Amino acid sequence: MSHNIINPAELEKLLNISCGLDTKQGNPRFKAILHRLMGDVCRTIDEFDITDEEFWQAVNYLNVLGERKEVALLAAGLGLEHFLDMRADAKEKAASLHGGTPRTIEGPLYVANAPLSDKFARMDDGKDDGEPMWLYGQVTDPDNQPIAGAVVDIWHANTLGNYSFFDSSQTDYNLRRRIKTGPDGRYAVRSIIPSGYGCPPDGPTQALLNHVGRHGNRPAHIHFFVSGPGFKHLTTQINLSGDPYLWDDFAFATRDELIADPVKVTDEKIAQQRDIPVSHT
Ligand code: MBD
Ligand code: FE
């Protein structure tokens with residue numbers, strides 16, 4: 001590493017003009033943030049003596065990242081999306097507002113307006129012969145009282161780890177459903193057990209991960225948005241236990257409280273004991 005060769009005052013002069021600090025025009029918050037970021041970029045270029053070739057490589061990388069629509073994927077892989085969760089958790093803790101199911105990242109693969117149904121939904125289109133999976137849940141308020149009419153928006157990957165709309169081989173909204181809770185706050189879905197996700201191997205996110213010696217895999221997981229009238233929106237996931245990437249998620253989304261341990265139901269009696277509505281198909 002070399003030392004900085006640029007005089008800080010000269011850098012400041014440039015940044016003041018390039019970030020509009022010398023004018024009253026523009027948005028003050030935006031200008032302050034841009035000024036901070038640009039200062040950090042310039043000092044990094046100077047400190048590491050970044051070559052022109054490296055600079056243009058970075059420019060090209062950002063163009064490819066946009067072309068491939070992988071900006072949000074890289075943000076997840078660099079832990080930036082998890083960092084936003086860390087901050088939201090810290091703010092809630094400071095305000096003594098913690099409790100309930102913890103949040104975790106949304107990721108880049110949500111699609112709005114999935115089919116909406118009451119109390120139960122079948123999520124898979126029947127074309128993937130993955131292992132059938134039933135999910136049961138109850139939406140409650142902080143005092144554990146059921147919330148009727150809450151909307152649970154669920155999305156997950158197929159047995160190849162791919163999501164509908166990002167995989168032309170799947171039907172629209174396959175494995176994406178919104179379910180409204182009943183009077184007891186409960187909902188249920190039938191779907192198939194998802195596989196873990198891997199970053200596109202030929203994409204710019206995986207290329208960056210390779211440069212830092214990391215993989216781009218996520219454990220098998222199921223995404224949830226939960227919203228109820230008058231309640232704060234929850235973004236969360238469950239991760240399936242037993243997955244080799246459970247605690248090695250490239251997007252840092254696993255949390256102790258969000259691990260689901262699937263029970264294999266092979267026996268009608270067990271189904272009855274657990275009150276599993278096997279007649280729901
Ligand atoms: C996913 O399925 C995902 O949930 C995240 C966070 C990143 C990439 C793919
Ligand atoms: Fe996902």
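Reference entry: report on the structure contained in this document. Since this is a predicted model, take the numbers as computed values, not measurements. (Residues numbered from 1 in each chain as written. Chains lettered and ligands numbered in written order. Predicted model: local features only at pLDDT ≥ 70, side-chain atom pairs only at ≥ 80, totals over all residues. Heavy atoms only, no water.)

The way to describe two aromatic rings as a pair is by their centre distance and the angle between their planes. Considering all chains together, one arrives at five aromatic pairs under this definition. Grouped by ring-pair contacts, the aromatic residues Tyr 110, Trp 155 and Phe 225 constitute a single cluster. (Phe/Tyr/Trp six-rings, centres within 6.5 Å; stacked < 30°, edge-to-face > 60°.)

So, on to the site of ligand 1. Around ligand 1, the structure places Leu 73, Ile 105, Gly 107, Pro 108, Leu 109, Tyr 163, Tyr 197, Arg 218, His 221 and His 223. In this structure, an oxygen atom belonging to ligand 1 sits 2.6 Å away from a side-chain N or O atom of Arg 218. The contact in question runs from an oxygen atom of ligand 1 to an N or O atom on the side chain of His 221, over 3.1 Å. Placement of ligand 1 is best described as lying within the largest cavity. Class assignment for the residues of the shell around ligand 1 results in six nonpolar, three polar and one charged. (Near = heavy atom within 4 Å. Polar contact = N/O pair within 3.5 Å; in protein donor to acceptor, adjacent residues only side chain to side chain. 1 Å grid on protein atoms, 1.4 Å probe; cavity = no way out; pocket = protein on both sides within 12 Å on 5 of 7 lines; lining within 4 Å. Sits in = over half its atoms within 2 Å of the grid points. Nonpolar A, V, L, I, M, F, W, Y, C, P; charged D, E, K, R; others polar.)

Tallied over the entire structure, the rule returns 10 salt bridges. A salt bridge links Arg 255 to Asp 89, with the nearest nitrogen and oxygen atoms 2.9 Å apart. A residue pair is termed long-range when its members are at least 10 positions apart, and Arg 255 in the loop between strand S10 (234–240) and strand S11 (259–260) and Asp 89 in helix H5 (residues 80–94) qualify at 166 residues. With relative accessibility at 24%, the residue Asp 89 sits in the partly exposed group. A salt bridge links Lys 264 to Glu 131; its shortest N-O distance comes to 2.5 Å. (Salt bridge = Lys/Arg side-chain N within 4 Å of Asp/Glu carboxyl O. Helix = DSSP H or I, 4+ residues; strand = E, 2+ residues; numbered from the N terminus. Buried < 20%, exposed > 50% of the residue type's maximum accessible area, 1.4 Å probe, protein only.)

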